[in-house]
Amino acid sequence: MTTPTNKTLDLNEYPKPPFEEQSQDVPGLASKMVPVPDHGETSYRGTGRLTGRKALITGGDSGIGRAVAIAYAREGADVAINYLPAEESDAAEVIKLIQAEGRKAIAIPGDIRSEEFCQKLVKDAVEQLGGLDILVNNAGRQQFNESIRTLSTEDFDATFKTNVYAMFWITKAAVDYLPRGASIINTSSVQAFKPSEILLDYAQTKACIVAFTKSLAQQLGEEGIRVNAVAPGPFWTPLQTSGGQPQEKIKQFGASAPLGRPGQPAEIAPLYVTLASTESSYTSGQVWCTDGGTGTL
Ligand code: NAD
Ligand code: MG
């Protein structure tokens, strides 16, 4: 007798390396990746865990942010997404998917390297959602650079503005709107703990996000606001294919993880759902890692 198999439990059904070379200018589009990432468009099933919640997600057009936006809408939340104007086509797909769930979908394009824009982003999200109780600081910049000798001040500054300053500006603007029970979730990375040689600036910003999360969790505890971070390992997103890694590494992306492949954005969205949900009411100041078996944390 053969053992029955359950297709949905088959870890090998997602794409594995080798992948095709596929360089894109930054910001890359999910729609142009080969294969297109799985953000849970056809698979994520909600169970009402975020009914009536109001979420702002930066970088919500593609990759991890898109998977979180889809999951949140299917869990019953209204969702505002921020992204760069050049990513309008990816964002339009996400807006349609949120609307298909009968939830409010708010698109707020703009560059979060400006403090003024960050303040406007929060104000617009609060006005259009009618409040805010989940903030996901997820947008990020990752451009590999081989040497401190070639890493320019402009690059270093752009990475810190996008990954660190914007998180500070957006959270600062949002905090007075957040009620008891609200949740802030920041996207860090395994790079905070095991920095790569070629990601000197990026890895530092991801370590900053861990410290910011743990410090702010202490500040906001008595207000009943939880602050956590997610630290992804290698995930198949346009961040990586548009200068995040050299093309030789894209071909073998995820190969060194024990599961032998990169994660798909759909596979990490459940962590963001759990952290946002009031079921996790005692979880704050934590960093949750999903890295395909490496065991970084
Ligand atoms: P992604 O390219 O799909 O998402 C990143 C998003 O950041 C873009 O869609 C873009 O909208 C946004 N962004 C970048 N610069 C911006 C700016 N100046 N203004 C406004 N928005 C801007 O890639 P992703 O991998 O899903 O990235 C999401 C987060 O996950 C990032 O913080 C990234 O550092 C983190 N992360 C990714 C991986 C991975 O392997 N993909 C691993 C660890 C951490
Ligand atoms: Mg994008």
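Predicted, not measured: the structure shown is a model, and the values here were computed from it.

Thresholds applied
- Residues numbered from 1 in each chain as written.
- Chains lettered and ligands numbered in written order.
- Predicted model: local features only at pLDDT ≥ 70, side-chain atom pairs only at ≥ 80, totals over all residues.
- Heavy atoms only, no water.
- Phe/Tyr/Trp six-rings, centres within 6.5 Å; stacked < 30°, edge-to-face > 60°.
- Helix = DSSP H or I, 4+ residues; strand = E, 2+ residues; numbered from the N terminus.
- Buried < 20%, exposed > 50% of the residue type's maximum accessible area, 1.4 Å probe, protein only.
- Donors = N, O, S within 2.8 Å, 3.2 Å for Na, K, Ca; no water.
- Near = heavy atom within 4 Å.
- Areas by Shrake-Rupley, 256 points an atom, 1.4 Å probe, with all protein chains shown as cover.
- Nonpolar A, V, L, I, M, F, W, Y, C, P; charged D, E, K, R; others polar.

Considerations on the packing of aromatic side chains
- Applying the stated rule across the entire model yields four aromatic pairs.
- With centroids separated by 6.3 Å and ring planes inclined at 45°, the aromatic side chains of Trp 236 and Phe 253 adopt a geometry described as tilted. A residue pair is termed long-range when its members are at least 10 positions apart, and Trp 236 in the loop between strand 6 (226–232) and helix 6 (238–244) and Phe 253 in the loop between helix 7 (247–251) and helix 8 (269–276) qualify at 17 residues.
- A residue is classified by how much of its surface remains accessible, and Phe 253, at 6% relative accessible area, is buried.
- Every member of this aromatic cluster is reached through a ring pair, and the members are Phe 19, Trp 236 and Phe 253.

Let's talk about the coordination of the magnesium ion (ligand 2)
- Surrounding the magnesium ion (ligand 2) are the protein donor atoms Asp 61 (OD), Ser 62 (OG) and Glu 87 (OE), at 2.1 to 2.3 Å.
- Linear spacing of the donor residues for the magnesium ion (ligand 2) on their chain is D-S-x24-E. Highlighted residues: Asp 61 in the loop between strand 1 (54–58) and helix 1 (63–74) and Glu 87 in the loop between strand 2 (78–83) and helix 2 (88–100), separated in sequence by 26 residues.
- With a relative accessible area of 2%, Asp 61 lands in the buried category.
- Judged by relative accessible area, Glu 87 falls into the buried class, the value being 8%.

A look at unusual backbone geometry
- Here the amide bond leading from Val 26 into Pro 27 is cis, since omega sits at 0°, within 30 degrees of zero.
- Along the chain, the position of Pro 27 falls in the segment before strand 1.
- That bond from Val 34 to Pro 35 is cis: its omega, -5°, falls within 30 degrees of zero.
- Assignment of secondary structure puts Pro 35 in the segment before strand 1.

A few points about the site of ligand 1
- Every one of the 31 residues lining ligand 1 counts as a neighbour, but Ser 62, Ile 64, Glu 87, Tyr 202 and Thr 237 are closest to it.
- When isolated, ligand 1 has an accessible area of 810 Å², and the protein chains bury 96% of it.
- For the shell around ligand 1, the secondary-structure elements that each account for two or more residues are helix 1, strand 2, helix 5 (200–220) and helix 6.
- When residues of the shell around ligand 1 are assigned to their parent elements, the largest contribution, three residues, is made by helix 6.
- Residues of the shell around ligand 1, tallied by class, amount to twelve nonpolar, 14 polar and five charged.

Bear in mind that shape data such as this cannot, by itself, settle questions of function.
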